[in-house]
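Below are the chains, spelled out letter by letter.
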Amino acid sequence: MDASSAANASEAAAETFDVLIVGAGISGIAGAYHLTQQCPDLSFVVLDSKDTFGGTWVTHRYPGIRSDSDLYTFGYRFKPWTSAPIATGAEILKYMGEVIAENSLARHIRYRHLITAASWSSAENRWTIEATRLDTGEPVRFTANFLWMCQGYYRHAEGYTPDWPGMADFRGRVVHPQTWPDDLDYRDKRVVVIGSGATAATIIPAIAKDCAHITMLQRSPTWFFTGRNVNELADMLRALQIDETWIHEIVRKKILYDQATFTRRCVEEPEKVKEELLSAVRAHLGADYDIAKHFRPSYRPWRQRLALIPNGDLFQSIASGKASVVTDDIERFTETGILLRSGSELAADIVITATGFHLCVLGDIDFTIDGTKLNFADSVTYRGMMFTGVPNMAWVFGYFRASWTLRADLVGDFVCRLLKHMRVRQAKRVVVALRPEDAEMPLRDWIDPENFNPGYMMRGMHLLPKRGEKAEWQHTQDYWAEKDAFPAIDLDDAAFVYA
Ligand SMILES: Cc1cc2nc3c(=O)[nH]c(=O)nc-3n(C[C@H](O)[C@H](O)[C@H](O)COP(=O)(O)OP(=O)(O)OC[C@H]3O[C@@H](n4cnc5c(N)ncnc54)[C@H](O)[C@@H]3O)c2cc1C
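Residues numbered from 1 in each chain as written. Predicted model: local features only at pLDDT ≥ 70, side-chain atom pairs only at ≥ 80, totals over all residues.

A.B. asks: Explain the overall build of the protein to me, please; I cannot follow it from the model alone.
C.D. replies: A count of helical and extended segments in the protein gives 14 helices and 23 strands. Relative to its length of 499 residues, the protein is compact, with a C-alpha radius of gyration of 24 Å against a globular reference of 23 Å. Counting only C-alpha atoms and orienting by the principal axes, one finds that the protein spans roughly 70 × 60 × 50 Å. Among the 499 residues that make up the protein, the fraction classed as buried is 40%. Partitioning the intrachain contacts of the protein with sequence separation of at least 6 by distance along the chain shows that 71% fall at a separation of at least 24. (Helix = DSSP H or I, 4+ residues; strand = E, 2+ residues; numbered from the N terminus. Rg over C-alpha atoms; globule rule 2.2 N^0.38 Å. Buried ≥ 20, exposed ≤ 12 C-beta atoms within 10 Å, placed from the backbone. Contact = placed C-beta atoms within 7 Å.)

A.B. asks: Sorry, what's going on with the site of the ligand here?
C.D. replies: Lining the immediate environment of the ligand, one finds 32 residues, of which Gly 23, Gly 25, Gly 55, Gly 152 and Gly 363 sit closest. Of all the secondary-structure elements, those providing two or more residues to the shell around the ligand are helix 2 (26–38) and strand 4 (113–121). Sort the elements by how many residues they give to the shell around the ligand and helix 2 lands first, with three residues. For the shell around the ligand, a count of residues per class yields 11 nonpolar, 17 polar and four charged. (Near = placed C-beta within 6 Å. Nonpolar A, V, L, I, M, F, W, Y, C, P; charged D, E, K, R; others polar.)

A.B. asks: Could you clarify how one ought to interpret unusual backbone geometry in this entry?
C.D. replies: Peptide bonds are mostly trans, and most non-glycine residues show a negative phi. Phi angles above zero are rare outside glycine, and Asn 125 is one such case at about 50 degrees. Along the chain, Asn 125 falls in the loop between strand 4 and strand 5 (126–133). For Asn 125, a count of 14 C-beta atoms within 10 Å translates into the label partly exposed. In this structure, Asp 188 is a non-glycine residue whose phi angle is positive, near 60 degrees. Structurally, Asp 188 is set in the loop between strand 7 (173–175) and strand 8 (190–194). On the neighbour-count criterion, Asp 188 (10 C-beta atoms within 10 Å) is exposed.

A.B. asks: Sorry, what's going on with the environment of Ser 320 here?
C.D. replies: By the secondary structure assignment, Ser 320 is in helix 11 (residues 313–320). Under the C-beta neighbour-count criterion, Ser 320 is labelled exposed, with 11 such atoms within 10 Å. Spatially, the C-alpha atoms of Ser 320 and Ile 86 are 23 Å apart, while their sequence positions differ by 234 residues.

A.B. asks: Explain the domain arrangement of the protein here, please?
C.D. replies: Interface size is often expressed as the accessible area that is lost when the parts come together. You can read the domains of the protein as domain 1 (3–156 + 358–498) and domain 2 (167–353). Of the residues lining the interface, 26 residues belong to domain 1; the matching set on domain 2 comes to 30 residues. Residue assignment for the side of domain 1 that touches domain 2 shows that the elements contributing at least two residues are helix 4 (71–74) and helix 14 (479–485). In the side of domain 1 that touches domain 2, the residues fall into 15 nonpolar, six polar and five charged. (Domains from an automatic or database assignment.)

Written as structure tokens, this is what we have:
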């Protein structure tokens, strides 16, 4: 078959849906649920390159994999969470599987479909999506009026590992947690974990007892907070035999209220908050431990995501002597370990690079709008979910300081309301555009580094759309405000241009 007849065959085989959801992670499954509930007459399909649902919770299979925020808010608003707040990856997948089964969502999901291109035609008012079936290698084509991007924010295939001098000389094994090998034998080995984010803080207590020794090597410290992995309010309400639906609602509200208070305190009284966080660490490690060096970052709490250390397990591993912390810079790798700027050398059999992600915008999909390649960074975001110049498309980009899923539910309501509104207006197309009053608005990077500055965002900022100074034209990262603002969005505002 020549190229043009192959293209024709694929054209003939194109399946058409009202909505196409990219990704069957926690956001894509939320999208599918909200469509079935709020727009039951719309046809839709969910495509994912993996062979199952779960996204993040399938990719990350390192020992101890768990949430770093509570599942009362990381869980959906429509399905009660009934266990301990911090959950394992397996528990999250079980919960998502129940959502899929209880709402008959499986029939809408196609796995092993890698989407490679999406092109918008204003003449036809539709997207054409090119994908490859990873099981057969066959190219497949879909068309859809609306594209719902739930592809997350990082490249699933590989994590980010800096290129340190001498890495090729190292005779041990270097492993990124995102691609954890099934055969990694760390028993009785000297392990160094580079990094001190939530991933390092999870892996270390999970494997410390089996290693000869494990060292957390950090360039600079991270703020952590510790607490028991229980929610006392939930447990009390359960003891009172309150219905789980009520418990879910009440506990979510309480957690969100506490988080909003905490976030405000981090700005208004950072020194007090710092002392509270440090005294919790001191309670585990004792007064003689050099907490100022290893656990007192220079940045204000919440400028990077704050991970909860359930039951202080990371600190317990350190207190037991099985784990230790080194705060230093890497000079280079050697054959037997890592040479530090201070001159000392860390001997290692295994180095785990818990050094973060590659930011990935729009799922590494080639986007064109009416034949012109889309440069996403040229667009301006409407509330972090729609983009100027990109018709009929929404992206779920969750919260950093609150649970991601809170926003997946909010965006879900918004998209369904927008789709219904388009039908009422008999519109086939909607695109957001700056209004006359926005013309002079200065445009800035997607996120303010003074406000939030994790490495993968800083490395990838040039790939992301711009934000304006008004709340409409930015991702505010403020659930407390958005929970009221989103349902009140006037869909006839001049920012929405229909055709
Ligand atoms: C280890 C870890 C722990 C985390 N813990 C928390 C937490 O406790 N709380 C919190 O709020 N957030 C947490 N996060 C952030 C987390 O990524 C999000 O909360 C959430 O899981 C993201 O869900 P998602 O569905 O938007 O994206 P993802 O989980 O990234 O899923 C996206 C899906 O889209 C698919 N996809 C992408 N591109 C394509 C393509 N081109 N073709 C086909 N399919 C494609 C992928 O295969 C994937 O299945 C954590 C992140 C990590 C890495």
